[in-house]
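Remarks on the overall topology
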Amino acid sequence: MANQRVLVIASHPDDEILGLGGTLARHVDEGDVVRTLILAEGATSRDAVRDADGRQDELDELVSAAQRAAQALGLEAPQMLGLPDNRMDSMTLLDVVKPIEQLVRSFQPQVVYTHHGGDLNVDHQVAHQAVLTACRPLPGSSVEAIYTFETVSSTEWASESTGDTFRPTRFVAITDQLERKLAALEAYASEMAPFPHARSMESVRALAALRGASVGVDAAEAFMVVREVVR
């Protein structure tokens, strides 16, 4: 198969690695061109009132961490929009859709990855809706596949009341890429937590083993298929 153009749209810095760091490394290994768009800044939700100036040092470190994580996987530095963290539901959806549409139009991706729409995190829900809107299947669209990934400490914490729970229908073997995924997560040390927290190195490794065992390989990442077009 010819090299593909792959677009990842994640809500926060670290989601792109937690959800599909191994798959992205595999895309790189296979010669695909990968771009990453991170929608929200990832820090200001820790305050009752958003104060980006007061969190500027943290925000700068998250940008740097995202760049280091990308480098660990052989990716270009992600584009970061800096939308309000965990407050994207306060925005008009169109204001989230428009920059995604612009990138889709300029990059012309064939494969798009984004969050599962039933995640507990509201930014993940908005990202999912915005991506599906921006990538609606109009004639001439470049997008041939849309897959949603799982994000530990959000996807598995949801319930049926927030939407459909994550039921994987696509598995990507990452046996050869798992250590690079974990190395990329080291860049996000400030966002990780000690075991048995779901967002710990041990939990990420365990999930890769579980998803791998589901399909008979050592390690895998799991996805849900939103749409696939065979031309």
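Please refer to the structure higher up on the page.
The text that follows walks through the structure, step by step, so that each part is easy to find. (Residues numbered from 1 in each chain as written. Predicted model: local features only at pLDDT ≥ 70, side-chain atom pairs only at ≥ 80, totals over all residues. Heavy atoms only, no water.)

1. Looking at the packing of helix α3 (residues 93-107) against helix α4 (residues 122-134)
Relative orientation of the contacting elements α3 and α4 amounts to 55°, with a least axis distance of 9 Å. Accordingly, the angle class assigned to the pair α3 and α4 is oblique. Between α3 and α4 lies a crossing whose hand is right-handed. Seen from α3, the contacting residues are Leu93, Val96, Val97, Ile100 and Glu101; seen from α4, they are Val126, Gln129, Ala130, Val131, Thr133 and Ala134. Looking at the contact of α3 with α4 residue by residue, the classes come out as 8 nonpolar, 2 polar and 1 charged. (Axes fitted to C-alpha atoms, helices over the stretch in contact; angles between N-to-C directions. Helix = DSSP H or I, 4+ residues; strand = E, 2+ residues; numbered from the N terminus. Parallel < 35°, antiparallel > 145°, perpendicular 65-115°, else oblique. Left-handed = near helix turned anticlockwise from the far one by under 90°. Contact = heavy atoms within 4.5 Å. Nonpolar A, V, L, I, M, F, W, Y, C, P; charged D, E, K, R; others polar.)

2. Some remarks on the environment of Leu132
Position of Leu132 relative to the elements: it lies in helix α4. Classification of Leu132 by relative accessible area gives partly exposed; the value is 28%. C-alpha separation for the pair Leu132 and Val226, spaced 94 residues apart in sequence, amounts to 9.0 Å. Apart from residues lying up to four places away in sequence, Leu132 is in contact with Ile146 and Val226. (Buried < 20%, exposed > 50% of the residue type's maximum accessible area, 1.4 Å probe, protein only.)

3. A look at the pairing of strand β4 (residues 111-115)
Most of β4 sits inside the fold, with 5 of its 5 residues counted as buried. Judged from the 3 bridges that link them, strand β1 (residues 5-10) and β4 form a sheet pairing that is parallel. Residue Val8 lies in a different strand from β4, and its bridge partner there is Tyr113. The pairing of β4 with strand β5 (residues 145-149) spans 5 bridges and is parallel. (Pairing = 2+ DSSP bridges.)

4. Quick notes on the packing of helix α1 (residues 15-29) against helix α5 (residues 178-186)
Across the interface, α1 lies against α5 with an axial gap of 9 Å and an inter-helix angle of 125°. Relative to α5, α1 is oriented oblique. For the pair α1 and α5, the sense of crossing is right-handed. On α5, the residues touching Ile17, Leu18, Gly19, Gly21, Gly22, Ala25 and Asp29 of α1 are Arg180, Lys181, Ala184 and Leu185. Of the residues belonging to the contact of α1 with α5, the class tally is 5 nonpolar, 3 polar and 3 charged.

5. Topic: the packing of aromatic side chains
Tallied over the entire structure, the rule returns 2 aromatic pairs. Summarising the aromatic geometry, the rings of Tyr113 and Tyr147 are spaced 5.6 Å apart at their centres and angled 45° between planes, so their arrangement reads as tilted. Of this pair, Tyr113 sits in strand β4 while Tyr147 is found in strand β5, placing the two residues 34 residues apart along the sequence. Looking at Tyr113, the relative accessible area reads 1%, which means it is buried. We classify Tyr147 as buried; its relative accessible area is 5%. Pairing Tyr113 with Phe223 gives two aromatic rings, centres 5.3 Å apart and planes at 50°, and the pair type is tilted. Here Phe223 lies in strand β7 (residues 220-228) and Tyr113 lies in strand β4, a separation of 110 residues in the sequence. Judged by relative accessible area, which is 0%, Phe223 ranks as buried. (Phe/Tyr/Trp six-rings, centres within 6.5 Å; stacked < 30°, edge-to-face > 60°.)

On their own, these measurements won't tell you what the molecule is for.
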